[in-house]
Amino acid sequence: MIRITCLGAAGTVTGSNFLIESPGGKKILVDCGLFQGGRQMESRNREDWGFDPGEIETLFLTHAHIDHSGRIPKLVRDGFKGQIITSPPTAELCQVMLLDAAHIQEMDAEWQNRKNKRQGKGEFDPLYTTEDAEASLKLFSPTERDRVVEIEPGVKARLRNAGHILGSSILELWIEEKSEPLKIVFSGDLGKQNQLIVRDPHEIFDADYLFIESTYGNRKHRSFEDSKDELVEAIRYSVSQDEKIIIPAFAVERTQEILYILGEFHRKGLIPDIPIYLDSPLAIKATEIFRKNKKYYDEEAQAIVEEGYDPFDMPNLKFTESTKESIAINEKAGSAIIIAGSGMCTAGRIKHHLKHNLWRKGASIVIVGFQAKGTTGRKIVEGAKRVRIFRENVAVRAKVFTIGGFSAHADQDDLLEWISNFESKPRVFVVHGEPTASEVLAKKIQERFNLEAHVPRWKQRLVLKPREVAYEEPPGEEAGPDMQTMVLNNIVDLENELKMLKKRVKSREMGDGIDEDEIDRLKYLQEELQTILSNG
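Residues numbered from 1 in each chain as written. Predicted model: local features only at pLDDT ≥ 70, side-chain atom pairs only at ≥ 80, totals over all residues. Heavy atoms only, no water.

**Student:** Honestly, the sheet that holds strand S23 (residues 468-472) in this entry has me stumped. Any pointers?
**Tutor:** Pairing is mixed across the open sheet formed by eight strands, whose spatial order is S6-S5-S4-S3-S2-S1-S22-S23. Edge positions in the sheet fall to strand S6 (140-142) and S23, since each of these pairs with one other strand and no more. Across this sheet, the average inter-strand angle for adjacent strands is 25°, counted without regard to direction. One ladder, built from five bridges, connects strand S1 (residues 2-8) with strand S2 (residues 17-21); its direction is antiparallel. (Pairing = 2+ DSSP bridges. Helix = DSSP H or I, 4+ residues; strand = E, 2+ residues; numbered from the N terminus. Axes fitted to C-alpha atoms, helices over the stretch in contact; angles between N-to-C directions.)

**Student:** In this structure, what is going on with the sheet that holds strand S13 (residues 276-278)? I would like to understand it.
**Tutor:** By definition, the strands of a sheet pair up through backbone hydrogen bonds, in either a parallel or an antiparallel sense. On the basis of which strands lie adjacent, the open sheet formed by six strands has the order S14-S13-S15-S12-S16-S19 and parallel pairing. Bordering the open sheet on either side are strand S14 (317-319) and strand S19 (399-402), each of which pairs with just one other strand. Taken over all neighbouring pairs, the strand axes of this sheet differ in orientation by 20° on average, direction set aside. Of the strand pairs in this sheet, strand S16 (residues 364-367) and S19 are connected by four bridges, and their pairing is parallel. Bridging across to S19, serine 364 finds its partner in lysine 399.

**Student:** I tried to follow the packing of aromatic side chains on my own but got confused; where do I start?
**Tutor:** Centre-to-centre distance and the angle between the planes together describe a pair of aromatic rings. Applying the stated rule across the entire model yields twelve aromatic pairs. Their ring planes at 75° and their centres at 6.3 Å tell us that phenylalanine 35 and tryptophan 458 sit as a pair that is edge-to-face. Residue phenylalanine 35 is located in the loop between strand S3 (27-30) and helix H1 (39-42), and its partner tryptophan 458 is located in the loop between strand S21 (453-454) and strand S22 (461-465); the two are separated by 423 residues in the primary sequence. For phenylalanine 35, a relative accessible area of 2% puts it in the buried group. Across the ring face of phenylalanine 390, the terminal group of lysine 351 is positioned such that the distance to the ring centre comes to 4.8 Å. Between the NZ or CZ atom of lysine 459 and the centre of the ring of tryptophan 458, over which it lies, the distance is 4.6 Å. (Phe/Tyr/Trp six-rings, centres within 6.5 Å; stacked < 30°, edge-to-face > 60°. Buried < 20%, exposed > 50% of the residue type's maximum accessible area, 1.4 Å probe, protein only. Lys NZ or Arg CZ within 6 Å of the ring centre and 35° of its normal.)

**Student:** For this particular structure, what's the right way to read the side chain of serine 335?
**Tutor:** One can find serine 335 in the loop between helix H10 (323-331) and strand S15 (337-340). At a separation of 3.3 Å, a polar atom in the side chain of serine 335 contacts the main-chain carbonyl oxygen of serine 238. Residues within four places of serine 335 in sequence aside, it is in contact with Ser238, Val239, Asp242, Glu243, Ile274 and Pro275. (Polar contact = N/O pair within 3.5 Å; in protein donor to acceptor, adjacent residues only side chain to side chain. Contact = heavy atoms within 4.5 Å.)

Spelled out as structure tokens, the structure:
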């Protein structure tokens, strides 16, 4: 029998991580991503793996996004020494992305340790270091797509184009079970039809088991042309107010798509000639990688190149690599388009631009990607009147444009269309989505194709056989206690903070007042509890 444990991207869109145990006892991983979206979700990054990393011989990486690749350096630090099989563009993108992620981990730890020192608390270690990231990069084994490779006796694999971002892949796995091969397909993140820059997802016709992403399993995107019109509207609106247009965008894929679209606008004269800032060292490096990998472009992007244009360049485009250059953007009056990360507004330079512009009437905040629960971007999309940025409550007075048509993810129709290609009758596991999205897609799959569709829980183990499947919970664990435990832990934290605050208030007569850090801590815990309760 084959066992697959869903250690990430189950009940959530982040932390993609699947452990496969073959009949011969070999252990394989598919993806090893960071959990993102609020303190509770991100705490999973520091939990025990649920396996010994030293026993893993092969890791398949579907693409470079951090929610699929971001824990690889930690895996290596904890003992992984196997090979990482992925496409050449993905390996190249990870060269910059994992080093950047390590730098963020180190900076976050440095900030936390300064705070801990003031409060007399212990040392806080980064999740991993630059040294760990560098060690992980040595294990990458770039493999061209569409080639069958033998991983070990009885286990073969092939990568196919997923059409999501440059280098993104679908994974086909053949594993022998009692001399009878079982075929397991992991969709990775699928792109929509007619995605910019990259080719459409490869059609797969047969599988015994299919793991399908469901990021937009309950939604349909606006048309691409409508989305472009809305971006033009956002730009013109803020130009008329002499204010800035802020676009939070992930450094890989979304940034390049926005540059591609702005380049089209410029060539057609659809927008005013204002400065466009790409304010992200990581995005700048990623854009150079996109430029070097033209052979992976779709026909439309290649045609632009053949006409003599760089699809990622314009005369008014400025790359701001240094912190000094980034700061100067908001010191300049007048309209400008600012593209910065992170895409969910949780880290990076985008937070500075939001702090300077979110409160300004006439400014535009253009949301062009998925916003996970608990993130600042999600709060803005859901209509928050103010959001917390750098320990300050910033009013949301800018006009918010949420443009779903630029998503690199397939929507519900795209996902169902891709599944319709299967001539076999695979059992389907719906992953990589928030619970509502996954459940809706699972129901649609059952209704339209008469296929069994199951939404796995986090840490649930699936036992796969040629014609049947069973479900196991990890030894010693009951299903679904995690949210309850997190809520209780937070209540205990809040109770302790309130006790400390009570003591401080009583001691005021002795000149010992309440400092700003403690008030911030209480407000933060309150926001976390409200988020948990609202998610039910």
